[in-house]
Amino acid sequence: MKAVLALCAAVALSGCATTPLPEAPSNGGTGDDCAVIAAVAKEHYGFNTTDRLPPPLRFEGDFAPRCDWSRFGLAFEPYDPDRPGDPRERMKWVSFGRPTYDGRGATLSSGYMHGPLAGSGIRCRVISGFAGWTVGECERTWIS
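Residues numbered from 1 in each chain as written. Predicted model: local features only at pLDDT ≥ 70, side-chain atom pairs only at ≥ 80, totals over all residues. Heavy atoms only, no water.

Trainee: Where do I start with the pattern of salt bridges in this structure?
Mentor: Close approach of charged atoms allows side chains of opposite charge to pair. Considering all chains together, one arrives at five salt bridges under this definition. Ionic pairing is found between E89 and K92, a salt bridge with its closest N-O pair at 3.2 Å. Look at E89 and you get partly exposed, because its relative accessible area is 36%. Between R125 and D102 there is a salt bridge; the shortest N-O distance is 2.7 Å. Of this pair, R125 sits in strand 5 (residues 118-129) while D102 sits in strand 3 (residues 100-102), and the two are 23 residues apart along the sequence. (Salt bridge = Lys/Arg side-chain N within 4 Å of Asp/Glu carboxyl O. Buried < 20%, exposed > 50% of the residue type's maximum accessible area, 1.4 Å probe, protein only. Helix = DSSP H or I, 4+ residues; strand = E, 2+ residues; numbered from the N terminus.)

Rendered as structure tokens:
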């Protein structure tokens, strides 16, 4: 009887164990980074490939994951600060930082510039579940 109780306790506690997060590969991101970014892009900003195309994409610091955006229903073009044309158009972009992970999900910082002196930054809590990553809540971190 003691052996059965010990086995039941071990099985019950094994469900509480946390799985270590994957280490960042040399390309600058983990396997979940693209999915976390896509969740914020689609759920918070409402970007898609039909009626709400995103502005050019840039990353913060040395973070530069290689993502197949079409897999997530997105179509980003890279940000080019030297693009010819109207300089005000070069001020339009969306940026994402490297997500940080913990036992509750991920936190992601992002910024969205609509033009000169017209933008804002956010920090979002993104939660992992059976259906993938979903945005919990976002707070504004800066505004211009």
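Trainee: Quick question: what am I supposed to make of the state of the cysteines here?
Mentor: Each disulfide is one covalent bond, formed between the sulfur atoms of two cysteines. Tallied over the entire structure, the rule returns two disulfides. C34 shares a disulfide with C67; S-S distance 1.9 Å. Disulfide C34-C67: the torsion about the S-S bond is -80°, which places it as left-handed. Placement of the pair is C34 in helix 2 (residues 33-44) and C67 in the loop between strand 1 (57-59) and strand 2 (93-96), with a sequence separation of 33 residues. Note on accessibility: C34 and C67 belong to one class, buried. Between the sulfur atoms of C124 and its disulfide partner C138 the distance amounts to 1.9 Å. The disulfide joining C124 to C138 has a torsion of about 105° about its S-S bond and is therefore right-handed. Taken together, the residues span a long stretch of sequence, with C124 in strand 5 and C138 in strand 6 (residues 132-143) at a distance of 14 residues. With a relative accessible area of 1%, C124 lands in the buried category. Relative accessible area serves as the criterion here: at 28%, C138 is assigned to the partly exposed category. Each bonded cysteine of the protein gets a number by its place in the sequence, and the pairs then read 1-2, 3-4. (Disulfide = S-S within 2.5 Å.)

Trainee: Would you mind showing me how to read the pairing of strand 5 here?
Mentor: Each regular strand carries side chains that alternate between the two faces of the sheet. Bridging between strand 4 (residues 105-115) and strand 5 involves nine bridges; their strand directions are antiparallel. Note that in strand 5 the partner of L108 across the bridge is C124. Pairing geometry for strand 5 and strand 6, over nine bridges, is antiparallel. Looking at the pairing, S120 lines up with I143 of strand 6. Adjacent in sequence and paired antiparallel, strand 5 and strand 6 are bridged by two residues. (Pairing = 2+ DSSP bridges.)

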